[in-house]
Amino acid sequence: MRKYLIKRLLQIIPVLIIISSFVFALVYVAGDPVNLMLPPSASEEDRQVLREALHLDESFIVQYGNFMLDLVQGNFGESYRFNREALPIVLNHLPATLELVAASMVVAIIISIPLGIWSARKKDSFIDIFITGGAGLGKAMPNFWLGIMLILVLAVNNQIFPVSGRGTLSHLVLPAITLGTGVAAEMARLVRSSMLEVLNQDYIRTAESKGLKESIVIYKHAFRNSLIPVVTIMTLQTAYLVGGAVVTETVFSWPGLGQLLVQAVNARDMAIVQATVIVVAVLVIFINLITDLLYRFLDPRIKYS
């Protein structure tokens, strides 16, 4: 187990180097950073001063080396909008995004697991068709459209929940439902298919023939053995939630990484953009690592080498 963990941690290093290289290239893909940061009316002298201050007058290789050296030290440069270092600004917005992602995953689990199990138990019935169709509809609905509809119905017309912002639990409800619905739809279909596969196994039929209660057979024997693909899709969907938070946070003015990233892109604040992308990448990588470790707990037959 320890050797496996060390090996996985070492594998993270080249992944981070590749991601960092792409992030560095973003500056050049977006155009000349000086032209992006200064207004068209700026003089050539102002442009030259800023170019020297950002060390953009040096060669590409030197700039890349300086960028990687600063990255190791956690230095992404200063945000020209905030006149502060970029990384602390991004980290200050991270808890809001983690809160939204966690709440959205809770919503997805609460919706998907009971519906997926119910659909599997009632295979080919009207209930199964209804749940499967609803899952397809939930997957097809865009986040921004669902968020706007929830705001109109539950915040504007009926004033049950706040329209936007963050502060109380009621502020979290609509964004979490908006972000979690698509994940719930995907997970419900996977729970259904996993349960159907497990319910056809011999040991399930043996348990049923022994006269065990249906609830014990379903939840103690079948559901636990169907969890590995469910945990896998939860990991993939967590990355989707982090990415989908960009739209949802913008719709609900939720002060997380998504809203910060959109504002930074609009303001052409590349230091914030780079820091946000790196932080999100590291977050997703470690979520994948935790998931791999959870497999051993869910299925003792799995061995790490």
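Residues numbered from 1 in each chain as written. Predicted model: local features only at pLDDT ≥ 70, side-chain atom pairs only at ≥ 80, totals over all residues. Heavy atoms only, no water.

Things to note about the overall build of the protein
Rules: Each helix is a run of H or I in the DSSP string that is no shorter than four residues. Each strand is a run of E no shorter than two, and both are numbered from the N terminus. Whether a residue is buried, partly exposed or exposed follows from its accessible area with a 1.4 Å probe, protein chains only, as a fraction of its type maximum: under 20%, in between, or over 50%, in that order. For this analysis, residues touch if any pair of their heavy atoms sits within 4.5 Å. Residue exposure ignores everything except the shown protein chains as possible cover, and the areas themselves are Shrake-Rupley values with a 1.4 Å probe. In this tally, Lys and Arg are treated as positive and Asp and Glu as negative; His is ignored, and so are the chain termini. By convention, the point assigned to a charge is CZ for Arg, NZ for Lys, CD for Glu and CG for Asp.
Per the secondary structure count, the protein includes 13 helices and two strands. Projected onto its principal axes, the C-alpha positions of the protein cover 85 × 55 × 30 Å. Every one of the 305 residues in the protein was classed for burial, and the buried ones make up 40%. Within the protein, contacts between residues at least 6 apart in sequence are counted, and of these 72% link residues at least 24 apart. About 16700 Å² of surface is accessible on the protein, with carbon and sulfur atoms providing 65% of the total. Distance between charge centres in the protein, computed from 24 positive and 22 negative side chains, equals 17 Å.

Quick notes on helix 7 (residues 143–157)
The test is simple: One less than the number of residues in a helix, times 1.5 Å, gives the span that helix is expected to have. What the bend at a residue measures is the angle between two axes, fitted to the seven residues ending there and to the seven starting there.
Taking 1.5 Å of rise per residue, 15 residues should cover 21 Å, and helix 7 covers 20 Å from first to last C-alpha, within 8% of that figure. Approximately 30 degrees is the largest bend angle found in helix 7, and it occurs at Ile-151. Along helix 7, the residues classified as buried are Asn-143, Leu-146, Gly-147, Leu-150, Ile-151 and Ala-155. Among the residues trailing helix 7, Gln-159 stands out with phi positive, at a value near 55 degrees.

Details of the side chain of Thr-178
Cut-off, in case you're wondering: What qualifies as a polar contact is a pair of N or O atoms within 3.5 Å, subject to a donor-acceptor requirement within protein and to the restriction that residues adjacent in sequence count only when both atoms come from side chains.
Locating Thr-178 in the fold gives a position in helix 8 (residues 169–199). In this structure the side chain of Thr-178 is engaged in a polar contact, spanning 2.8 Å, whose partner is the backbone oxygen of Leu-174. Those residues in contact with Thr-178, other than ones at most four positions away along the chain, are Asn-143, Leu-146, Gly-147, Leu-150, Thr-248 and Phe-252.

Things to note about the pattern of salt bridges
Applicable threshold: A carboxyl oxygen of Asp or Glu within 4 Å of a side-chain nitrogen of Lys or Arg is what we treat as a salt bridge.
Tallied over the full model, the rule gives five salt bridges. A salt bridge links Arg-192 to Asp-128; the nearest nitrogen and oxygen atoms lie 2.7 Å apart. Here Asp-128 lies in helix 6 (residues 126–140) and Arg-192 lies in helix 8, a separation of 64 residues in the sequence. Grouping residues by exposure puts Arg-192 and Asp-128 together as buried. The salt bridge involving Lys-139 is made with Glu-186; its shortest N-O contact spans 3.4 Å.

Quick notes on unusual backbone geometry
Of note, the phi angle at Asp-124 is positive, near 65 degrees, even though the residue is not glycine. Along the chain, Asp-124 falls in the loop between helix 5 (86–121) and helix 6. By relative accessible area, which is 61% here, Asp-124 ends up exposed. Its identity as a non-glycine residue notwithstanding, Gln-159 has a phi of 55 degrees, on the positive side. Residue placement: Gln-159 occurs in the loop between helix 7 and helix 8. Assessed through its relative accessible area of 64%, Gln-159 is described here as exposed.

As for the packing of helix 11 (residues 227–251) against helix 12 (residues 257–267)
Condition: As a rule, the C-alpha atoms of each element are fitted with a line to give its axis, helices using only the stretch in contact, and angles between N-to-C directions run from 0 to 180 degrees. The labels follow the angle: roughly parallel below 35 degrees, roughly antiparallel above 145, roughly perpendicular from 65 to 115, and oblique for the rest. For this classification, the nonpolar set comprises Ala, Val, Leu, Ile, Met, Phe, Trp, Tyr, Cys and Pro, the charged set comprises Asp, Glu, Lys and Arg, and every other residue, Gly included, is treated as polar.
Running from amino to carboxyl end, helix 11 crosses helix 12 at an angle of 85 degrees, the nearest separation of the two axes being 7 Å. By the angle class used here, helix 11 and helix 12 are roughly perpendicular. For the pair formed by helix 11 and helix 12, the contact residues are Ala-245, Val-246, Glu-249 and Thr-250 on the first element and Leu-257, Gly-258, Gln-259, Leu-261 and Val-262 on the second. In terms of residue class, the contact of helix 11 with helix 12 is made up of five nonpolar, three polar and one charged.

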